[in-house]
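# Survey of secondary and tertiary structure
Here is how the chains run, residue by residue.
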Amino acid sequence: MADEIPWERLFEEALRVRQRAHVPYSRFPVGAAVLYADGSVVAGCNVENATYGLTVCAERNAFAAGVAQGKEKPLAVAVVVDTPEPCPPCGMCRQVMAEFAGPDIPVRSRTLNGGEARYSLGELLPHAFTRAFL
């Protein structure tokens, strides 16, 4: 399945949207792109707020935009960061991913220098709280 994912397209979209990040406090722009079953890609960037708790990460913005566009069945997630090593999604983003995708969804993080890390959501969040508990 991961071989069928257009990873370069996802990373290009994440890189493009990263440039729009609103990060006046952290100066840590992040871009994310989600591939859906219909072949569409929905991207998001992080948006900070002066009251830091209202900041929304790139991954969560990408998933929220997908919901707003009526997208279903995410197939893959790509993240672009400017760090020495690839940076995995934060815990809140992992939980949001678990709301919409199963543990097998591939998640990749890439640095601006081309370093890349590959995960599955299940590796990132092995004991997700899901609707199965409700």
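See above for the structure.
Read on for a plain summary of the structure. (Residues numbered from 1 in each chain as written. Predicted model: local features only at pLDDT ≥ 70, side-chain atom pairs only at ≥ 80, totals over all residues. Heavy atoms only, no water.)

## Regarding the overall build of the chain
The helix and strand tally for the chain stands at four helices and five strands. Tracing the chain from N to C terminus, the helices and strands come up as α-β-β-α-β-α-β-β-α. Relative to a compact globule of 134 residues, whose C-alpha radius of gyration would be 14 Å, the chain shows 14 Å and is just as compact. Across the 134 residues in the chain, those meeting the buried criterion constitute 45%. In the chain, once contacts between residues fewer than 6 apart in sequence are set aside, the share between residues at least 24 apart is 63%. Put simply, the chain shows about 7300 Å² of open surface, and 55% of that area lies on carbon and sulfur atoms. Positive and negative side-chain charges of the chain, numbering 13 and 15 respectively, have mean locations separated by a distance of 5 Å. (Helix = DSSP H or I, 4+ residues; strand = E, 2+ residues; numbered from the N terminus. Rg over C-alpha atoms; globule rule 2.2 N^0.38 Å. Buried < 20%, exposed > 50% of the residue type's maximum accessible area, 1.4 Å probe, protein only. Contact = heavy atoms within 4.5 Å. Areas by Shrake-Rupley, 256 points an atom, 1.4 Å probe, with all protein chains shown as cover. Lys, Arg positive; Asp, Glu negative; His and termini not counted. Charge placed at Lys NZ, Arg CZ, Asp CG, Glu CD.)

## A short note on the packing of helix α2 (residues 58-68) against helix α3 (residues 91-100)
The contact between α2 and α3 brings their axes to 9 Å, and the two run at 25°. In terms of orientation, α2 lies roughly parallel with respect to α3. Judged by the sense of rotation from one axis to the other, the crossing of α2 with α3 is left-handed. Across the interface between the two elements, E59, R60, F63 and V67 from α2 touch M92, C93, V96, M97 and F100 from α3. For the contact of α2 with α3, the class distribution of residues is seven nonpolar, no polar and two charged. (Axes fitted to C-alpha atoms, helices over the stretch in contact; angles between N-to-C directions. Parallel < 35°, antiparallel > 145°, perpendicular 65-115°, else oblique. Left-handed = near helix turned anticlockwise from the far one by under 90°. Nonpolar A, V, L, I, M, F, W, Y, C, P; charged D, E, K, R; others polar.)

## Digging into the environment of E99
Assignment of secondary structure puts E99 in helix α3. For E99, a relative accessible area of 39% corresponds to the partly exposed category. Along the backbone, E99 and T130 are 31 residues apart, and their C-alpha atoms lie at a distance of 6.4 Å.

## What to know about the state of the cysteines
Structurally, a disulfide amounts to a covalent bond that connects the sulfur atoms of two cysteines. Inspection of every chain in the model, using the stated rule, returns zero disulfides. Cysteine C57 remains unbridged, with the sulfur of C93 as its closest cysteine sulfur at 3.8 Å. With no disulfide of its own, C90 lies 3.7 Å from the sulfur of C93, the closest cysteine sulfur. (Disulfide = S-S within 2.5 Å.)

## Notes on the environment of D38
Here D38 shows up in the loop between β1 (31-36) and β2 (41-45). On the basis of relative accessible area, D38 is assigned to the exposed category, the value being 52%. Expressed as a C-alpha distance, the spacing of D38 and E72, which sit 34 residues apart in the sequence, is 8.2 Å. Of note is the side chain of D38, whose polar atom sits 3.1 Å from the side chain of K71. (Polar contact = N/O pair within 3.5 Å; in protein donor to acceptor, adjacent residues only side chain to side chain.)

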